[in-house]
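Given next are the chains, with one letter for each unit.
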Amino acid sequence: GAGVSQSPSNKVTEKGKDVELRCDPISGHTALYWYRQRLGQGLEFLIYFQGNSAPDKSGLPSDRFSAERTGESVSTLTIQRTQQEDSAVYLCASSPTSSGNTIYFGEGSWLTVV
Amino acid sequence: AQSVTQLGSHVSVSEGALVLLRCNYSSSVPPYLFWYVQYPNQGLQLLLKYTTGATLVKGINGFEAEFKKSETSFHLTKPSAHMSDAAEYFCAVRVNYGGSQGNLIFGKGTKLSVKP
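Residues numbered from 1 in each chain as written. Chains lettered and ligands numbered in written order. Predicted model: local features only at pLDDT ≥ 70, side-chain atom pairs only at ≥ 80, totals over all residues. Heavy atoms only, no water.

Novice: Tell me what's going on with the pairing of strand β9 (residues 88-95) of chain A, and back it up with residues and numbers.
Specialist: Residues and elements named next belong to chain A. Burial analysis of β9 places 8 of its 8 residues in the buried class, which makes it a mostly covered element. Residue alternation in β9 divides its side chains into two sets, Ala88, Tyr90, Cys92 and Ser94 and Val89, Leu91, Ala93 and Ser95, and both sets are buried. As judged from the 7 bridges shared by strand β4 (residues 31-37) and β9, these two strands associate in the antiparallel manner. Looking at β9, one finds that Tyr35 is bridged to Leu91. As paired elements, β9 and strand β10 (residues 104-105) share 2 bridges and run antiparallel to each other. Residue pairing across strands places Ala93 opposite Phe105, the latter belonging to β10. (Buried < 20%, exposed > 50% of the residue type's maximum accessible area, 1.4 Å probe, protein only. Helix = DSSP H or I, 4+ residues; strand = E, 2+ residues; numbered from the N terminus. Pairing = 2+ DSSP bridges.)

Novice: Explain the packing of aromatic side chains to me, using residue names and the numbers behind them.
Specialist: Applying the stated criterion across every chain yields a total of 12 aromatic pairs over all chains. Taking the centre distance of 5.5 Å and the plane angle of 85° together, the rings of Tyr35(A) and Phe106(B) count as edge-to-face. Here the residue Tyr35(A) occupies a position in strand β4, and Phe106(B) occupies one in strand β10 (residues 104-106), the pair thus bridging two chains. Three or more aromatic residues joined by ring pairs form one cluster here, namely Tyr35(A), Phe45(A), Phe105(A), Phe34(B), Tyr36(B), Phe90(B) and Phe106(B). (Phe/Tyr/Trp six-rings, centres within 6.5 Å; stacked < 30°, edge-to-face > 60°.)

Novice: Residues and numbers for the sheet that holds strand β1 (residues 5-7) of chain A, please.
Specialist: Sheets are built from strands paired through backbone hydrogen bonds, the pairs being either parallel or antiparallel. Residues and elements named next belong to chain A. Pairing within the open sheet is antiparallel, and its 4 strands lie in the order β1-β3-β8-β7. Each end of this open sheet is capped by a strand with a single partner; those strands are β1 and β7 (65-69). Going across the sheet, the axis of each strand differs from the next one's by a mean of 15°, ignoring polarity. As judged from the 3 bridges shared by β1 and strand β3 (residues 19-24), these two strands associate in the antiparallel manner. Bridge pairing links Ser5 to Asp24 in β3. (Axes fitted to C-alpha atoms, helices over the stretch in contact; angles between N-to-C directions.)

Novice: Can you break down the nonpolar core residue by residue, with the values?
Specialist: Residues and elements named next belong to chain B. Formed by 27 residues in total, the largest nonpolar core has its most connected members in Trp35, Leu48, Leu76 and Tyr89. For this core, the secondary structure elements donating two or more residues are β2 (10-14), β3 (19-26), β4 (33-38), β5 (44-50), β7 (64-68), β8 (73-78), β9 (87-94) and β11 (110-115). When sequence neighbours within four positions are dropped, the list of residues in contact with Leu76 reads Val19, Leu20, Leu21, Trp35, Leu47, Leu48, Phe63, Glu64, Ala65 and Tyr89. (Core = buried A, V, L, I, M, F, W, Y, C linked by side-chain atoms within 4.5 Å. Contact = heavy atoms within 4.5 Å.)

Novice: With reference to specific residues and values, describe the pattern of salt bridges.
Specialist: Residue and element names in this part refer to chain A. Under the defined criterion, the tally for this structure stands at 6 salt bridges over all chains. Arg22 is the partner of Asp24 in a salt bridge, and the nearest nitrogen-oxygen pair spans 3.0 Å. A network of salt bridges, in which partner residues are shared, links Arg36, Arg38 and Glu44. (Salt bridge = Lys/Arg side-chain N within 4 Å of Asp/Glu carboxyl O.)

Novice: Now, about the interface of chain A and chain B: what can you tell me, with residues and values included?
Specialist: On the chain B side, the residues contacting the 25 residues of chain A number 22 residues. A buried area of about 1,800 Å², summed over both sides, lies between chain A and chain B, and 50% of it is on carbon and sulfur atoms. Counting across the chain A and chain B interface gives 0 salt bridges. For the pair chain A and chain B, the number of links is 6 residue pairs in polar contact (both at pLDDT 80 or more). Contributions of two or more residues to the side of chain A that touches chain B are made by β4, β5 (43-50) and β9 of chain A. The class makeup of the residues in the side of chain A that touches chain B is 11 nonpolar, 12 polar and 2 charged. (Buried area = accessible area lost by both parts, 1.4 Å probe. Polar contact = N/O pair within 3.5 Å; in protein donor to acceptor, adjacent residues only side chain to side chain. Nonpolar A, V, L, I, M, F, W, Y, C, P; charged D, E, K, R; others polar.)

Novice: How would you explain the environment of Gln83(A) if you had to name every residue and give the values?
Specialist: All names here are of chain A. Mapped onto the elements, Gln83 comes out in the loop between β8 (75-79) and β9. The class for Gln83 is partly exposed, based on a relative accessible area of 23%. In this structure, the C-alpha to C-alpha distance between Gln83 and Gly16, residues 67 residues apart in sequence, is 6.4 Å. When neighbours within four sequence positions are excluded, Gln83 is seen to be in contact with Lys15, Arg64 and Val113. A polar side-chain atom of Gln83 sits 3.1 Å from the main-chain carbonyl oxygen of Arg81.

Novice: Pulling in residues and values, what's your account of the pairing of β8(B)?
Specialist: Each regular strand carries side chains that alternate between the two faces of the sheet. Residue and element names in this part refer to chain B. By the criterion of burial, β8 is predominantly enclosed, with 5 of the 6 residues buried. Across 4 bridges, the pairing between β3 and β8 is antiparallel. Opposite Val19, over in β8, you have Lys78 as the bridge partner. Of the strand pairs in this sheet, β7 and β8 are connected by 5 bridges, and their pairing is antiparallel. Counted as the bridge partner of Glu64 is Thr77 from β8.

Treat this as a map of the structure, not an account of what it does.
This is the structure we're talking about:
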């Protein structure tokens, strides 16, 4: 597609349920990133993929959070046993290989845990 | 380690006035610097970036930023604010893994309000 695509755009889930958030990067982009943005706050880095390996997953807040990527394509962020503090916008981004290149963001998945 | 500090969580200007949003960075290697804008309920859109070369960088919507190594700054400016500029602005530095690409580290953001 033309841009980074994320689904669902909105998700309301009950506390304790698992959720999966999906990201389709721009075709040909080798790098993929997940960020979290809580209401009124800045962006927290979660994890970075280069291809299907994750050189940096230092931002994952707990072992309830995991992510995987298939080749240089789709990525899924999974949150197990959701808590109310997980409520946030989860932003996915992708970029080509070179470090000088722009990172392009999707519209985000708004997660509300009730 | 690299980091970004944005001075002022809220900035308010009158329409037609100068916009100045401040960003200072910390980096032990030559930084790649970015400004993103986020309009309400939307994702992030790149305004401009500095990688190498000319230190004055022009972006979309009339914004520009100047990389000043001596001041470790990358302030964003626009000569004349427009109502449509009201948004949140994020400064970011690209993590450098010894020359390999990395993720962006963002400042906490500055919310710009434009008064008529």
